Amino acid sequence: MKMKAASYLMIMIMLVALASLFVLKRPDGKPWLNVNSLTNKVEQQVTELTDQGVKAFDKVKTHTKEFVSDDTQQPTSGVQVYRWQDGKGQWHYSDKPNPNGESQYYRLDERKITVIAAEDTSILNKQPAQAVSKETASALPTALNPKAVKQVMEDAKNIQQLMDDRTKQLEKALEENQR
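Sequence positions are assigned chain by chain, starting from 1 and proceeding in written order. Under the rules for a predicted model, residues below a pLDDT of 70 receive no local features and side-chain atom pairs below 80 are neither given nor counted, while totals for whole chains, interfaces and linings still include all residues. As a convention, hydrogens and water are excluded, and side-chain values are obtained from all of the structure's heavy atoms.

### Considerations on the environment of Tyr82
Turning to step 1, where the next piece is worked out: By definition, any uninterrupted DSSP run of H or I lasting at least four residues is a helix, any uninterrupted run of E lasting at least two residues is a strand, and each is numbered from the N terminus. Relative to the helices and strands, Tyr82 is located in strand β1 (residues 79–85).
Turning to step 2, where the next piece is worked out: Think of it in three bands: residues with accessible area under 20% of the maximum for their type are buried, residues over 50% are exposed, and the middle band is partly exposed, with areas taken using a 1.4 Å probe on protein chains only. Residue classification places Tyr82 among the buried residues on the basis of a relative accessible area of 6%.
Turning to step 3, where the next piece is worked out: Distance in space between the C-alpha atoms of Tyr82 and Asp95 is 5.8 Å, their sequence separation being 13 residues.
Turning to step 4, where the next piece is worked out: Here the side chain of Tyr82 touches Gln80 through a polar contact of 2.5 Å, side chain to side chain. Think of a polar contact as two N or O atoms within 3.5 Å of one another; within protein, one of them needs to be a possible hydrogen donor and the other a possible acceptor, and neighboring residues in sequence only count if both atoms come from side chains.

In structure tokens, the structure reads:
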């Protein structure tokens with residue numbers, strides 16, 4: 001009970017102290033706090049934040065327009081990517097426009113492109129006359145050849161073991177050298 005009363009007393013003292021700042025005067029005769037100065041400061045901060053938000057939004061719009069352009073004119077710089085849809089509804093992407101019709105193009109900023117090597121799927125479309133020999137096919141490490149992938153993984157483990165052993169040898173040599 002005493003703790004509760006002490007808490008109430010502390011809260012009341014803080015409220016009186018805060019209220020006194022609106023009543024007590026500084027040496028120049030103005031109160032330490034007034035409602036107008038508080039609202040003016042809040043309005044200034046809201047205006048500054050709004051301006052910063054508008055500037056950031058404009059910057060995002062500018063960068064977005066630079067990154068992907070969907071205009072009908074030819075791009076002047078950057079990487080050109082053309083897109084079109086065939087009669088079956090398949091989308092095609094190329095660095096050359098559709099020779100049989102219209103294409104949409106996009107201009108991409110080269111600095112923002114990450115190039116990843118594509119899986120070689122040419123073996124799926126080969127005719128029997130162009131078939132790859134079994135020895136050559138089994139040597140290619142692709143997702144279509146699990147044996148070759150397994151061999152690559154084993155080779156990687158062996159290399160990692162060799163690297164770990166070499167690191168241990170170097171650490172041992174450094175320790176001996178420091179003695």
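### Some thoughts on the pattern of salt bridges
Turning to step 1, where the next piece is worked out: Throughout this description, the term salt bridge denotes a Lys or Arg side-chain nitrogen within 4 Å of a carboxyl oxygen of Asp or Glu. Using the criterion set out here, one finds two salt bridges in the structure.
Turning to step 2, where the next piece is worked out: Of the charged contacts in the structure, one is a salt bridge between Asp28 and Arg26, with a shortest N-O distance of 3.5 Å.
Turning to step 3, where the next piece is worked out: Judged by its relative accessible area of 31%, Arg26 falls in the partly exposed class.
Turning to step 4, where the next piece is worked out: Here Lys96 makes a salt bridge to Asp95, at a shortest N to O gap of 3.8 Å. The two residues Lys96 and Asp95 agree in class, both being exposed.

### Section: the sheet that holds strand β2 (residues 91–94)
Turning to step 1, where the next piece is worked out: One bridge is not enough; two strands pair if DSSP finds at least two bridges between them. Taken in spatial order, the three strands make up an open sheet running β2-β1-β3, and their pairing is antiparallel. Each edge of the open sheet carries a strand with a single partner, namely β2 and β3 (104–108). Taking each pair of neighbouring strands and ignoring which way they run, the sheet shows an average axis angle of 25 degrees.
Turning to step 2, where the next piece is worked out: With four bridges joining them, β1 and β2 adopt antiparallel strand pairing. Within β2, the position partnered with Gln85 by the bridge is Trp91. Axis definition: a line fit to C-alpha positions, over the contact stretch in the case of helices; interaxial angles, taken between N-to-C directions, run 0 to 180 degrees.

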